[in-house]
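# Fold and geometry: a report
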Amino acid sequence: MPEKETPGVPENENILSGTRRDFLKQSGFLTAVALTPIGIVKAAESHLDEKVAAFFEKMPLKMEVNGVSHQLSVEPRSTLLEVLREQLDLTGTKKGCDRGQCGACTVHVNGKRVNSCLSLAITNNNKTITTIEGLADGDELHPMQQAFIDHDGFQCGYCTSGQIMSAVACIHEGHAGSETEIREFMSGNICRCGAYPNIVNAIQEVSKGGNKA
Amino acid sequence: MKKDTIGEPLSRVDGRLKVTGGAKYSGEYKFPGLTYAVLVPATIVNGTVTAVDIKAAKYAPGVLAVITPFNAEKVPGYQPDAKKPVKGLKLFNDNQVHFNGQPIALVIADTFERATYAATLVKATYQVQPFETDFRKNIDKGVTPNAGKYKDYVRGEADAYKNAQVKIEQEYIQPSEMHNPMELHVTTAYWEGDNKVTVYTKSQGVMSSQRAIAAAFNLEPQNVLINARFVGGAFGSSLRTWPHEIAAVQAAKFVKHPVKLTLTREQMFTLVGYRPLTIQKIGLGATADGKLTGITHESHSQTAVYEEFTENAVNVSRFLYQSPNVNTRYKVVPLHIGVPAPMRGPGESTGAYALESALDELSYALNIDPIELRLRNYADIDQERNLPWSSKHLKECYQLGADRIGWANRSPKPGTIKDGDWLVGYGIGCGAFGAYRGHAEAKLKLMADGSINIQSATTDIGPGTNTAMIVIAADVLGMPAEKITFDLGNSSLPPAPTQGGSSTVSSVGSAVHDVCVALRQKLYTLQGKPRDSMDEIDYAAVIKEQNLPYLEISVGSESGDNAKNYSMYSFSAHFAKVYVHPLTGVVKIKNLIAVVDAGKIVNQKTAASQMKGGAVGGIGMAMTEEAIIDNRFGRYINGNFADYHVPVNADIPQIEAVFINKPDPVINPVGTKGIGEISLIGVAPAIANAVFNATGIRVRDLPITPDKLLS
């Protein structure tokens, strides 16, 4: 539910019509003293209202990320990308546009590639997420990660996580049959450094090698 | 005698971190109490902010503060009495609006979502003034820049081309092009007390960021710590410290919390520079046998009303070809838009597009092969500065590229080669970019186990700086690369220049070279050997034998006086083979060969990638990229990746990078001249010329979209 906002409404009216937060925040100190017990005033000053309100505004979310089960509480408007990066500190998944136009945020949701910036986190309840951090088997790199190093499939490295997650999915989907097909099915992942030819070579090697990718 | 290992392919030393998500960029560090800042853009183009209603935003959940021109604490460096006044836009310092999207408020909240939402609640009122964003309409208001080096240039006689036997006079248009690195511009800042601040920011130069922020907040530079360990691309957009970076530091001071400010992709179209829209007129005159008798190059570029931006758009015409008569004129047109910034191959790529296109047109007018025409006007010295080249192997570039692309299959008559439904064409485009070397310092530490750590405050925006430095060190020290680490991206390290102008390997690589030589000399001296001995060194053994816990050594390195006697440039010749579909106007780039004289190549693997990457940038310039302002509203209408088309994988063929790989004898001890810029300069004209060769249609306004080929 979106926040209720009442800009320009006189403060006293807000006390009657507003939400619990409006009441505590917008009533102001003096009004609050007149109407509320001292404990609540103190609570307002210490932003306890935020904490209480936040509890009601958030929704429970259970996700398995890279083999670890997480029980989270997230705002309905939070994207999967934001939750991964800011709540779970999995910053390997990158934000390049926040609009589903660059692919830097690509992760696997139940094995399929998804732009995590276009996926509201709560729509992933009970789903299994794999991010770039979960691709390697311990110290042993996934063949696609190794192929990206061998073929120099990146420069600055910022699009790389998304490229690799997309590349693994591209092979799974059966879309890595030829150079042309790889180019087409990797065109949702922008690389501004221009590593495309090397990325194609890396994917071809893994694809032809019959690797477990 | 030790083996020369420079140039051998080495995989990136930070590759593992980058493929596992372990590489941390400036917006990815966690701090207790981290808060999130979101900018509120102006909705007008020119005028003043008369009021900002922040009440709703301030009371929105999680909001700590809303900064506006009316409540901002003054930034000392923005004031007229500042010791080192900050140049350019001064956010929240006054209520003037100079372009659409200029931030007029900053909201700081405890989460990104809350800050983003609260930013939508900020309501500004404005006094609107008339604005000018239409470049063509205002081109007559172009002015010669204040900076002296942009004065009109004349060698011999001006406009001599007009009296030539054969002449070309044409206009070429380079649209505004956005850097668009994949990483959003981001700054995270936190203060310790009132006099010390730590900043993680997207920067090409940690030392210049340190100087800029220290000047803005009137701090001692050593009390400003800048981190930019990993930078997600930049291409020039992080050469300077932008107003939003100062704003993040200002906000962190105000809310007394760590603040992270991330631009949106759309904001990156207005706040972090771009290659300016430039209209150029070229006049070329030649004798019937193809000797240039006159070159005239005039250019008009966008700039901002609040700050003048200049670049070397016309300079390439002064030195790339031999001509007794050359004149250039460069003007900028101030408009109500954000200020441009140098973008990969700044100036030269714009200028080379015009010059190399015009030269191609001249080749058809003369009926002389384009490569032959270039050979007949080959410049054996730099006529602009009247100096010899430190090295120039452009003739070899022509030859190698012609062989690889299959130039012999080219038809001198456009539109005559077909492959099925497709018309086939070949084109060449050349470029040059100055080879620079700045003062850089490096510190080396030899550990007891014989391993080496080297430090220098350079950055790596993608080329693989640390990998290149380790290659140089391994070569000088005669030890395996695995035993060497290199630290960069932090202002507390020994000073180094900003990563820009293709100069990092030349500058920092020289310091690394010199510090390794100094170590060898020191160790030989300790052993009582002549300091220039070439004996193999067992580093662990020497340090044990000398009973030292470790050994540290620092050097500073810069050009000698001899460099002043030469003109130093990297040179490139790019070759394109294109297929054009005559019914749809679709262009397929079949093959692209980049042949480069950039001196010694330090790491064939990463250098080839950098060359290919520059070629991809050149393909974007030629084929897809154009930032468009709707002049009715003074606003970009394609400020996102769906509407502004950077090349995607499907647009890019296999690209071949070919290096002459001959060390420059003058510029630095390693002999490198730099490849970052040259990789892009000349690509767009090679493609445009190939499209003409295929179709007979000369597109003089980039990008070459299919509609322009349907005549």
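What counts as what
- Residues numbered from 1 in each chain as written.
- Chains lettered and ligands numbered in written order.
- Predicted model: local features only at pLDDT ≥ 70, side-chain atom pairs only at ≥ 80, totals over all residues.
- Heavy atoms only, no water.
- Domains from an automatic or database assignment.
- Contact = heavy atoms within 4.5 Å.
- Buried area = accessible area lost by both parts, 1.4 Å probe.
- Salt bridge = Lys/Arg side-chain N within 4 Å of Asp/Glu carboxyl O.
- 1 Å grid on protein atoms, 1.4 Å probe; cavity = no way out; pocket = protein on both sides within 12 Å on 5 of 7 lines; lining within 4 Å.
- Points joined across faces, edges and corners; volume = space filled by probe spheres on them.
- Helix = DSSP H or I, 4+ residues; strand = E, 2+ residues; numbered from the N terminus.
- Nonpolar A, V, L, I, M, F, W, Y, C, P; charged D, E, K, R; others polar.
- Buried < 20%, exposed > 50% of the residue type's maximum accessible area, 1.4 Å probe, protein only.
- Phe/Tyr/Trp six-rings, centres within 6.5 Å; stacked < 30°, edge-to-face > 60°.
- Axes fitted to C-alpha atoms, helices over the stretch in contact; angles between N-to-C directions.
- Parallel < 35°, antiparallel > 145°, perpendicular 65-115°, else oblique.
- Left-handed = near helix turned anticlockwise from the far one by under 90°.

We now examine the domain arrangement of chain B. Think of interface size as the accessible area that goes away when the parts come together; that is how it is often given. Residue and element names in this part refer to chain B. For chain B, the assigned domains are domain 1 (35-130 + 181-264), domain 2 (148-176 + 274-379 + 391-435 + 565-709) and domain 3 (438-558). Distance between the C-alpha centres of domain 1 and domain 3: 38 Å. With 18 residues of domain 1 in contact, the opposing surface of domain 3 contributes 15 residues. In total, domain 1 and domain 3 occlude about 1,200 Å² of area from one another, counting both sides; carbon and sulfur atoms represent 53% of this. Looking at the side of domain 1 facing domain 3, the largest losses of area belong to Gln204, Met207 and Arg229, adding up to 43% of the total buried there. Inspection of the domain 1/domain 3 interface yields 0 salt bridges.

Before going further, it helps to examine empty space enclosed by the protein. According to the stated counting rule, one finds 7 cavities of 30 Å³ or more in the structure shown. The space that makes up the largest cavity amounts to roughly 150 Å³. Those elements that place two or more of their residues in the lining of the largest cavity are helix 6 (80-87) of chain A together with strand 12 (259-262) of chain B. Top contributing element to the lining of the largest cavity by residue count: helix 6 of chain A, with 3 residues. Classifying every residue of the lining of the largest cavity gives 6 nonpolar, 2 polar and 7 charged.

The next subject is the environment of Arg211 of chain B. Its location among the elements puts Arg211 of chain B in helix 4 (residues 206-216). Taking the C-alpha atoms as reference points, Arg211 of chain B and Val231 of chain B, separated by 20 residues in sequence, lie 19 Å from one another.

All names here are of chain B. Judged by how many residues are buried, helix 4 sits mostly within the fold: 8 of 11 residues are covered. Regarding helix 4, the residues found buried are Val206, Met207, Ser208, Ser209, Gln210, Ile213, Ala214 and Ala216. Just downstream of helix 4, Asn218 is the residue with a positive phi angle, here 55°.

Residue and element names in this part refer to chain B. For the structure shown, the criterion picks out 19 aromatic pairs over all chains. Note on Phe31 and Tyr190: the rings are 4.9 Å apart at their centroids and 50° apart in plane angle, and the pair reads as tilted. Of this pair, Phe31 sits in the loop between helix 1 (15-19) and strand 1 (35-41) while Tyr190 sits in strand 9 (residues 186-191), and the two are 159 residues apart along the sequence. Residue class for Phe31 comes out buried when judged on its relative accessible area of 15%. Look at Tyr172 and Tyr353: their rings are 5.9 Å apart centre to centre, the planes differ by 80°, and that puts the pair in the edge-to-face class. Here Tyr172 is found in strand 8 (residues 166-174), whereas its partner Tyr353 is found in helix 7 (residues 348-366), with 181 residues between them in sequence. Both residues of the pair, Tyr172 and Tyr353, belong to the buried class. Aromatic ring contacts, followed pair by pair, group Tyr29, Phe31, Tyr190 and Tyr200 into a single cluster.

Turning to the packing of helix 8 (residues 160-172) of chain A against helix 10 (residues 196-208) of chain A, a few remarks are in order. Residues and elements named next belong to chain A. Two elements in contact, helix 8 and helix 10, have axes whose closest approach is 10 Å; the angle formed by their N-to-C orientations is 40°. As the angle between them shows, helix 8 and helix 10 are arranged oblique. Here the hand of the crossing between helix 8 and helix 10 comes out right-handed. Only Ile199, Ile203, Val206 and Ser207 of helix 10 make contact with helix 8, whose side of the interface consists of Gln163, Ala167 and Ile171. When its residues are assigned to classes, the contact of helix 8 with helix 10 shows 5 nonpolar, 2 polar and no charged.

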